Amino acid sequence: MSRRDNRAGALPVAVIALVFACFAAICIMFMSMKDLKAQVGEYESQVQEMESRMAVLSDRETVTDATQPTTETGTTENSQTFAAAKGLFEDEWRGLKVAWYGDSLTELYYHCEYVNQYFGFEGFNCGISGTSVANLNEKSMCHPERMTMEGKAIPNDAEVIIIMAGTNDWAANVPLGDDRLSFDADGHLRVDNATFYGACHMMFYNLTKMYPDAYILVAGSPIAASNQLNLYNEQDLTSFEYGSALCHAASMWGIPSFNVGEMMGINVNNVDDASALMYEGIHFVDGGARMAAEVIIQEICKLKYFK
């Protein structure tokens, strides 16, 4: 056989080998691309999850300036909602008519606005600066006249009444007194409303009689201290302890409660460094309002709304 014939015979073999080599290379490339696509898909899923988490964090950190002017309906000009853990009963609270009953912390309305915005509440500002629970004057929260005071009255058709109080009782050195309930032969409440417990019982007695269809919720009181007042008053009590007493009295009336002071992280060791949350050691700045609002939102989401 000639050299030319040998080359001719070898040519088909080389071609076949080349075809197989190309096919193998294509198969390997296909498998690599498949693996790469799977890896890209997993990466995209991780990125989406991370973006979702960042969005939640961004919602928590982005709020309006609570010092900006409010409208007559009690909403800020730049409405902003909170991101909170969705509770079992959250949707039951949407759009309710809510009266916020309390002292200057309520009248300033900062934390109330955030909660209103989150749930879509029709909110009513029933707070009055300087208001105590105990019977110190005609504006004391235990009196029926205070509940119906012109311009600050609790609406007769309020579906929810949220109470935060006790700071002014702390500042006025009101004694806690006896927490026991007592009634006369006619069923009238007999308590000393010059004491904190007695006044709390009187307040709950009047609220439940005057607003029998309202869902009452107690939010206690944040801890307080100021340049004019020490952390402990003359009764050797903090405002935090008045908030706890308010919650204890509420429990005796079957009224759900939580002490916002227990959940804000402000305590006797760091109250002096809490200027980012409170001013004058008593009132919320925006950071404190945001924190209090988130506590209230999360606690409300755990509760079933009974109409």
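First things first, this report covers the structure right here in the doc. Because the structure is predicted, anything quoted here is derived from the model rather than measured.

1. Observations concerning the overall build of the chain
Counting its secondary structure elements, the chain contains nine helices and six strands. For the chain, the residues scored as buried account for 43% of the 307 residues in total. Counting contacts in the chain only where the partners sit at least 6 residues apart, residues at least 24 apart contribute 71% of the total. Accessible area of the chain: about 16,400 Å², with a carbon and sulfur share of 55%.

2. Looking at helix H3 (residues 110-119)
Two residues of an α-helix separated by three or four positions point the same way, owing to the 3.6 residues in each turn. Of all 10 residues in H3, 10 are buried; the element is thus mostly enclosed. Inspection of H3 places Tyr110, His111, Cys112, Glu113, Tyr114, Val115, Asn116, Gln117, Tyr118 and Phe119 among the buried residues, and these make up the whole buried set. Where H3 is buried, its residues touch strand E1 (97-102), helix H2 (104-108), strand E2 (122-127), strand E3 (160-164), strand E6 (283-284) and helix H9 (286-300). A positive backbone phi angle near 70° is found at glycine 120, which sits one or two residues after H3.

3. Overview of the side chain of histidine 283
Relative to the elements of secondary structure, histidine 283 occurs in strand E6. At 2.7 Å, the side chain of histidine 283 and the side chain of serine 104 are in polar contact. Those residues within four positions of histidine 283 in sequence are excluded, and the remaining contacts are Ser104, Leu105, Leu108, Leu277 and Met278.

4. Here's the deal with the sheet that holds E3
The four strands are arranged E2-E1-E3-E4 in an open sheet whose pairing can be described as parallel. Looking along the sheet, the strands with just one partner apiece sit at the ends: E2 and strand E4 (215-218). Within the sheet, the average angular offset between the axes of one strand and its neighbour, ignoring direction, is 20°. As paired strands, E1 and E2 are joined by six bridges and run parallel to one another. In the strand pairing of E2, tyrosine 101 is matched with cysteine 126.

5. Here's the deal with the pairing of E3
Side chains on a regular strand alternate between the two faces of the sheet. For E3, the buried fraction is high: five of the five residues fall into the buried class. What you see with E3 is no split at all: Val160, Ile162 and Met164 on one side and Ile161 and Ile163 on the other are buried throughout. Summarising the sheet, E1 and E3 pair through five bridges and their orientation is parallel. Within the sheet, the bridge partner assigned to tyrosine 101 lies in E3 and is isoleucine 163. The pairing of E3 with E4 spans four bridges and is parallel. Counterpart to isoleucine 162 in the pairing with E4 is leucine 217.

6. Some remarks on the packing of aromatic side chains
All chains considered together, the criterion is met by seven aromatic pairs. With centroids separated by 5.9 Å and ring planes inclined at 35°, the aromatic side chains of tyrosine 215 and tyrosine 305 adopt a geometry described as tilted. Of this pair, tyrosine 215 sits in strand E4 while tyrosine 305 sits in the segment after H9, and the two are 90 residues apart along the sequence. Owing to a relative accessible area of 9%, tyrosine 215 belongs among the buried residues under this scheme. Pairwise contacts between aromatic rings join Trp93, Tyr215 and Tyr305 into one cluster. Stacked on the ring of tyrosine 118, the Lys or Arg arginine 94 has its end atom at 5.0 Å from the ring centre.

7. Description of the pattern of salt bridges
Throughout the structure, instances matching the rule amount to seven salt bridges. One salt bridge connects lysine 302 with glutamate 299, and the closest N-O pair in it is separated by 3.0 Å. We classify lysine 302 as exposed; its relative accessible area is 57%. If you follow the salt bridges from partner to partner, you end up with Glu90, Asp91 and Arg94 in one network.

8. Some words on the packing of helix H6 (residues 196-210) against helix H7 (residues 239-251)
Where H6 contacts H7, the two axes come as close as 9 Å, and the packing angle between them is 45°. The orientation of H6 relative to H7 falls into the category oblique. Viewed along their axes, H6 and H7 form a crossing whose handedness is right-handed. Residues Phe196, Tyr197, Cys200, His201, Met203 and Phe204 of H6 lie in contact with H7, whose contacting residues are Tyr242, Ala245, Leu246, His248, Ala249 and Ala250. Class assignment for the residues of the contact of H6 with H7 results in 10 nonpolar, two polar and no charged.

Thresholds, definitions, all that
- Numbers given to residues run from 1 along each chain, matching the order in which its sequence is written.
- Local features in this predicted model are restricted to residues of pLDDT 70 or higher, and side-chain atom pairs are both shown and tallied only at a pLDDT of 80 or more, whereas totals for entire chains, interfaces and linings draw on every residue.
- Hydrogen atoms and water are omitted, and side-chain values are computed over all heavy atoms in the structure.
- By the criteria applied, helices consist of DSSP H or I runs no shorter than four residues and strands consist of E runs no shorter than two, each listed in order from the N terminus.
- For the exposure calls, accessible area comes from a 1.4 Å probe over protein chains only, and a residue counts as buried if that area is under 20% of its type's maximum, exposed if over 50%, partly exposed in between.
- It only takes one pair of heavy atoms within 4.5 Å for two residues to be counted as in contact.
- Note on areas: Shrake-Rupley with a 1.4 Å probe; residue coverage comes only from the protein chains shown.
- What qualifies as a polar contact is a pair of N or O atoms within 3.5 Å, subject to a donor-acceptor requirement within protein and to the restriction that residues adjacent in sequence count only when both atoms come from side chains.
- In this analysis, strands are considered paired if DSSP registers two or more bridges between them.
- An axis is simply a line fitted to the C-alpha atoms; with a helix, the fit covers only the stretch in contact. Between two such axes, the angle follows the N-to-C directions and lies from 0 to 180 degrees.
- Between 30 and 60 degrees the pair is tilted, below 30 it is stacked and above 60 it is edge-to-face, where a pair is any two Phe, Tyr or Trp rings, Trp via its six-membered ring, whose centres lie within 6.5 Å.
- Here, over-ring charges are defined by two tests on the NZ atom of lysine or the CZ atom of arginine: distance to the ring centre within 6 Å, and angle to the ring normal within 35 degrees.
- Each reported salt bridge corresponds to a side-chain nitrogen of Lys or Arg within 4 Å of a carboxyl oxygen of Asp or Glu.
- Comment on the angle field: the value is read as roughly parallel under 35 degrees, roughly antiparallel over 145, roughly perpendicular from 65 to 115, and oblique elsewhere.
- In this scheme, a crossing is called left-handed if the near helix is turned counterclockwise away from the far one by less than a right angle; it is called right-handed if the turn is clockwise.
- Three residue categories are used. Nonpolar comprises Ala, Val, Leu, Ile, Met, Phe, Trp, Tyr, Cys and Pro, charged comprises Asp, Glu, Lys and Arg, and polar comprises the others, including Gly.

Interpretation note: all reported values are geometric properties and have no functional meaning in isolation.
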